[in-house]
Amino acid sequence: MEVGLFIIFWYGVLHAMGPDHLVAIADFSIGKNVRKTAAVTLLFALGHGLTLFVFAKILQSFPASEAFTDYGDVISASVILMMGVYLLYLVAADRILLHKHIHEGREHVHISFSKHHSHSRFSGTMPALSLGVLMGIGGVRGMLVTLSLVGSQEVTWNMIALFALGVMLVFVFFGLLILAVNRYWLNSLSNVRRIFGVLGVVSIAVGGRILLG
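About the cut-offs
- Residues numbered from 1 in each chain as written.
- Predicted model: local features only at pLDDT ≥ 70, side-chain atom pairs only at ≥ 80, totals over all residues.
- Heavy atoms only, no water.
- Phe/Tyr/Trp six-rings, centres within 6.5 Å; stacked < 30°, edge-to-face > 60°.
- Buried < 20%, exposed > 50% of the residue type's maximum accessible area, 1.4 Å probe, protein only.
- Core = buried A, V, L, I, M, F, W, Y, C linked by side-chain atoms within 4.5 Å.
- Helix = DSSP H or I, 4+ residues; strand = E, 2+ residues; numbered from the N terminus.
- Salt bridge = Lys/Arg side-chain N within 4 Å of Asp/Glu carboxyl O.

Trainee: Could you clarify how one ought to interpret the packing of aromatic side chains in this entry?
Mentor: Centre-to-centre distance and the angle between the planes together describe a pair of aromatic rings. Within this structure, the stated rule accounts for two aromatic pairs. Seen from their ring centres, Phe9 and Trp10 are 5.3 Å apart, and the 75° between their planes marks the pair as edge-to-face. Exposure remark for Trp10: the relative accessible area of 39% places this residue in the partly exposed category.

Trainee: Can you help me understand the nonpolar core in this one?
Mentor: It is characteristic of soluble globular proteins that their nonpolar side chains tend to be buried jointly. With 42 residues, the main nonpolar core has Phe44, Ile96, Phe171, Leu186 and Phe196 as its most contacted residues. For this core, the secondary-structure elements that each account for two or more residues are α1 (2–16), α2 (19–29), α3 (34–61), α4 (69–92), α5 (126–138), α7 (157–185) and α8 (189–212). A total of nine residues in this core trace back to one element, the largest contributor, which is α7.

Trainee: Help me understand the pattern of salt bridges in this model?
Mentor: Side chains that differ in sign of charge can pair as their charged atoms come close. One pass over the full model with this rule turns up one salt bridge. For Asp94, the salt bridge identified is with Arg193, shortest N-O distance 3.5 Å. One end of the pair, Asp94, is in the loop between α4 and β1 (97–103); the other, Arg193, is in helix α8, with 99 residues separating them in the sequence. A residue is classified by how much of its surface remains accessible, and Asp94, at 48% relative accessible area, is partly exposed.

Structural data, given as C-alpha cells:
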C-alpha cells in the first residue's frame, strides 16, 4: 500500500504541472504581493483537493454522474480563456497602474487596475478557491484511474492528503516563480504591459485548446 500512496503523491505532482493549473495560478497571482500570492496558491490547492475527494466519492456511488465532471473542465477552461481576454484588455485599454511608495525605508511597487489604490489582504484571491473547486471536478476521473492502478476501490483521506501534498508542492514552487516575476520584473510599466500581454495570449491558447480538445 505504501507504494500505492507514493504513486498517488506523484500523480498529484504531475497533475498540478498541467498547463491549465499553472496558467490559472499565474492569472490570479500575477502582480500581487507575497501574502496574496501565497493565498492564491493555497486556496486553489485547497479547493482542488477537497472537491476531488467529494466528487470521487460521488462517482464511486453513482457512476452515471461522471458526465457532470465534463462541466468542470468546460467552466474552468472558459474562466482561463476569459482571464486571458481580460488581461489583454487591461493592456490595450491602458488600465494597469503602478504605485510606488516607501514603507519603513523600503520602496514598494503595487499594481492595481483602478485609480483607488487598496491594501486589502484578500481582494482578488477568493476566485482562486472557486476555480480550484471547478478544476477539481474535472480531475476526478484521472484520480479514480490512478486508484485503480494501485488496486484500491475506496478513496480515503490519506490518499487525498498525499495527492493534495503533491499538488501544493508544485504550486508552492510555481508561486515562488511568480513571486520572483512580481518582485524583480514588474518594476516598470513597460515590463508589466509586456508580461501581462504574454500571459493573456497564453491563457487564451490554453483555455481555447481545452474547450476545442
